[in-house]
Amino acid sequence: MTLPQLYNDVALHSYDFIRYSQEYGRPEGCGMASPFTMALNGLVSRKIAGNVKTFRLYGEWKDFGLEECAKAGRVPDNDMMLGSLVRVAIEKMTSLQYFSWDLNTKLLPTVWQGLAQSRVTKFKLRFPSSRTPKPILVAPALPNLVSLTIYDIDPLCYADDLSVLLLESRKLRELNTIWSPRMKDIHEPSISMSAFYGKIAGSSYRMALEKVGIKNLYTHNDGGCGQVIDPSALRDLTVINSIGGGLEDDSSSAFLDPSWGRGDSYEIQDLKSLRCDTLSRTQCAFLGSIRGLEKLYLIDTRKSIKRRLNGIDSPVSSNGTPSSDCNSFSLKDGYIQAITNNHGDSLRHLLLPPQWRLGTDDIALIVRRCPHLEQLGFGVEFEQFNYLRLLVPFLPKLRAIRLLANPDDSIFGEKMRDLDARGVHEDKIGTDPVLKYSNRLQFMALGDLVFRLDGGKSEVHIDEEGKQTYKRKVRKASFDDVKDIEIWALDSADI
């Protein structure tokens, strides 16, 4: 009964060196081949592949004779054997739903041919960053594909044609494109959107995508993408370190076509989740043009403004968009008005940039107009903390709250850590007459300190006057405790 389930999820890690056992000192696979290759052999030769639902290959793959084969216009034999083994394994996986290629070598046409005949619904593909000669292909359609994520796309490394895949995979509902950060880091607009979406733009078909993620996009608006997505179907949008919507505030995109972000976004009317790391007047206006947003994450992936202005850090980073930070402060009031006026009744998750230090009026406005918040994160000064705790009862559904430290001012974080060293936080939170009865509130973060409030659990406490009272059980938590809570999990540059 349990043996088939053992092979439901298969993840094989390849190493480009021989590993030795720490216990016996013998090389792994001694007498045979590497564990990675032997596992592939087992999938191909034994009657277990039919149980596999998730198949992931990751790590480093070593090409032998690469330079010699490149001069002769050939693919290294071990690359071809790898592709053939993986294809045969996929063809035997009749229940395969998810396939991930995360090796540092290119996915060859043989594997694509196997995928085209499979029932894969979710596919993750990573392109290698090396510019070694490998076959350029036209990716075939995957008829059952629902979710597609592509990492490290660089047309100067491998110019594979994915337009047929996007055009003919009609069940596709989620598309994440993570471009190589190289182009944006050096301001090289070598990406051609028509190479990816040109066939769709030239047809009557529009992708009914519900979830879209874009990262590191840096290109001219050449008109090739056109209207390729049905805006009425879009529910979830993530844009990280990319152009579009904020060119007027982003000096790194000053020489690109300013038509990015104009017009098309205003046709999106039923968006439920928005996550981005760029603030702009265009985006603020967009938030004011739609209604019904349920989740909004305005994350900050950049480094300290003061450190950048002092020349300590590079102003351009592949981990974040270096937009004009000074302008972002002036946009705070406009954003808060758009959020509370248009999305207050529906908003459940709200994460604001830590540089925005909200005053009492800002906090009161959010609490009053967003009564259904379940997760909330924002920057606040130490002096507003006592005022904030009085507002918690007005958010009856609140499960997690983050008070963010300002990366440009260490005072808040230092005060929180000083109080933590004296054991003040657990005692104050547990005995606070407001917080100890907010049973739905489970997690509270003060800067980088996280505390778990155990609902319904109390313990005896002796106050300063010697009276016996009860306080809520509060303990320090780690990131592992909150890694699945969105205001922590999505506060990064990852897609």
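What you see is a predicted model; the values in this text were computed from it and never measured.

This part is about the overall build of the protein chain. When its secondary structure is counted, the protein chain shows 18 helices and 17 strands. Counting the 495 residues in the protein chain, one finds 48% classified as buried. Counting contacts in the protein chain only where the partners sit at least 6 residues apart, residues at least 24 apart contribute 72% of the total. As displayed, the protein chain offers around 23,500 Å² of accessible surface, 51% of which is attributable to carbon and sulfur atoms.

Successive side chains on a regular strand alternate, one facing one side of the sheet and the next facing the other. Among the 6 residues that make up strand β6 (residues 174-179), 5 are buried, leaving the element largely enclosed by the rest of the structure. In terms of strand pairing, strand β5 (residues 147-153) meets β6 through 5 bridges, oriented parallel. Within β6, the position partnered with Thr149 by the bridge is Asn176. In this region the chain leaves β5, passes through helix α6 (residues 163-168) and returns to the parallel neighbour β6; the handedness of that crossover is right-handed. Here β6 pairs with strand β7 (residues 211-215) via 5 bridges, running parallel. Bridge assignment links Asn176 to a residue of β7, and that residue is Gly213.

What follows covers the packing of helix α15 (residues 411-421) against helix α16 (residues 424-431). Contact pair α15 / α16: the axes reach a minimum separation of 6 Å and the direction vectors enclose 90°. Relative to α16, the element α15 lies roughly perpendicular. On the side of α15, the interface is formed by Met416, Leu419 and Asp420, while α16 contributes Val424, His425 and Glu426.

Quick look at helix α13 (residues 360-369) now. By the burial criterion, the buried members of α13 are Asp362, Ile363, Ala364, Leu365, Ile366 and Val367. Along its buried surface, α13 packs onto α12 (332-343), β11 (349-351), β12 (357-358), β13 (375-380) and α14 (385-391).

On to the packing of aromatic side chains, then. What the rule picks out here adds up to 8 aromatic pairs. Relative to Phe99, the ring of Phe55 lies with its centre 5.7 Å away and its plane at 40°, an arrangement referred to as tilted. Taken together, the positions of Phe55 in strand β2 (residues 54-59) and Phe99 in strand β3 (residues 98-103) put the pair 44 residues apart, joining distant regions of the chain. Each member of the pair, Phe55 as well as Phe99, is classed as buried. Taken together, Phe55, Phe99, Trp112 and Phe123 form an aromatic cluster joined through their ring pairs. The cationic tip of Lys122 hangs over the ring face of Tyr98; the distance from NZ or CZ to the ring centre is 5.3 Å. Sitting over the face of the ring of Tyr151, Arg126 holds its NZ or CZ atom 4.4 Å from the ring centroid.

The subject of this paragraph is unusual backbone geometry. Positive phi, normally seen in glycine, also occurs at His187, with a value near 60°. Mapped onto the fold, His187 is located in the loop between α7 (181-185) and α8 (193-201). A positive phi is found at Asn216, a non-glycine position, where the angle reads about 65°. Within the element layout of this structure, Asn216 appears in the loop between β7 and β8 (236-240).

Moving on, we get to the environment of Ala400. Note that Ala400 resides in strand β14 (residues 400-404). On the basis of relative accessible area, Ala400 is assigned to the buried category, the value being 0%. Taking the C-alpha atoms as reference points, Ala400 and Val482, separated by 82 residues in sequence, lie 9.2 Å from one another. Aside from chain neighbours lying at most four places away, what touches Ala400 is Glu374, Gln375, Leu376, Leu441, Phe443, Ile485, Ile487 and Trp488.

We now examine helix α5 (residues 109-116). Residue pairs spaced three or four apart in an α-helix point in one direction, given the helix's 3.6 residues per turn. Of all 8 residues in α5, 6 are buried; the element is thus mostly enclosed. Among the residues making up α5, those that are buried are Thr110, Val111, Trp112, Gly114, Leu115 and Ala116.

This paragraph deals with the side chain of Lys332. Relative to the assigned elements, Lys332 resides in helix α12. In this structure Lys332 comes out as buried when scored by relative accessible area, which is 15%. A polar contact is formed between the side chain of Lys332 and the side chain of Asp362, at a distance of 3.0 Å. When near neighbours in sequence (up to four residues on either side) are disregarded, Lys332 contacts Trp356, Leu358 and Asp362.

Before going further, it helps to spend a moment on the environment of Phe196. With respect to the element layout, Phe196 can be found in helix α8. Setting aside anything within four residues of it in sequence, one finds Phe196 in contact with Ile153, Leu162, Ser163, Leu166 and Trp179.

Right, let's get into the pattern of salt bridges. Within the structure shown, the criterion is met by 23 salt bridges. Salt-bridge contacts for Lys211 lead to Glu174; the nearest nitrogen and oxygen are separated by 3.9 Å. Remark: Glu174 occurs in strand β6 and Lys211 occurs in strand β7; sequence separation between them is 37 residues.

Mapped onto the fold, Leu162 is located in the loop between β5 and α6. C-alpha separation for the pair Leu162 and Val138, spaced 24 residues apart in sequence, amounts to 6.3 Å.

Note: predicted coordinates in regions of low pLDDT should not be interpreted at a detailed level. The predicted model of the protein chain averages 84 in pLDDT, with 84% of residues at 70 or higher. Here residues 303-326 is a poorly scored stretch, pLDDT under 50, and it has 53 contacts once near neighbours within four places are set aside; other chains count.

Next up on the list: the nonpolar core. Inside soluble globular proteins, nonpolar side chains tend to come together where they are buried. By size, the foremost hydrophobic cluster in this structure holds 111 residues, and its most contacted members are Leu43, Phe55, Leu57, Val86, Phe99 and Phe123. Apart from residues lying up to four places away in sequence, Val86 is in contact with Leu40, Phe55, Leu57, Phe99, Trp101 and Val111.

A separate point is the side chain of Thr177. Within the secondary structure, Thr177 is located in strand β6. With residues up to four places along the chain from it excluded, the contact list for Thr177 reads Ile150, Ile153, Tyr197, Gly213, Ile214 and Lys215.

Turning next to the pairing of β8. In terms of burial, β8 is largely enclosed, as 5 of its 5 residues are buried. What you see with β8 is no split at all: Asp236, Thr238 and Ile240 on one side and Leu237 and Val239 on the other are buried throughout. Bridging between β7 and β8 involves 5 bridges; their strand directions are parallel. When the sheet's bridge partners are listed, Gly213 is paired in β8 with Thr238. Note that β8 and strand β9 (residues 273-276) share 4 bridges and pair parallel. Across the sheet, the residue bridging to Thr238 is Arg275, located in β9.

Reading the values: the criteria
- Residues numbered from 1 in each chain as written.
- Predicted model: local features only at pLDDT ≥ 70, side-chain atom pairs only at ≥ 80, totals over all residues.
- Heavy atoms only, no water.
- Helix = DSSP H or I, 4+ residues; strand = E, 2+ residues; numbered from the N terminus.
- Buried < 20%, exposed > 50% of the residue type's maximum accessible area, 1.4 Å probe, protein only.
- Contact = heavy atoms within 4.5 Å.
- Areas by Shrake-Rupley, 256 points an atom, 1.4 Å probe, with all protein chains shown as cover.
- Pairing = 2+ DSSP bridges.
- Right-handed = clockwise from strand over helix to strand, strands pointing away.
- Axes fitted to C-alpha atoms, helices over the stretch in contact; angles between N-to-C directions.
- Parallel < 35°, antiparallel > 145°, perpendicular 65-115°, else oblique.
- Phe/Tyr/Trp six-rings, centres within 6.5 Å; stacked < 30°, edge-to-face > 60°.
- Lys NZ or Arg CZ within 6 Å of the ring centre and 35° of its normal.
- Polar contact = N/O pair within 3.5 Å; in protein donor to acceptor, adjacent residues only side chain to side chain.
- Salt bridge = Lys/Arg side-chain N within 4 Å of Asp/Glu carboxyl O.
- pLDDT = per-residue confidence, 0-100.
- Core = buried A, V, L, I, M, F, W, Y, C linked by side-chain atoms within 4.5 Å.

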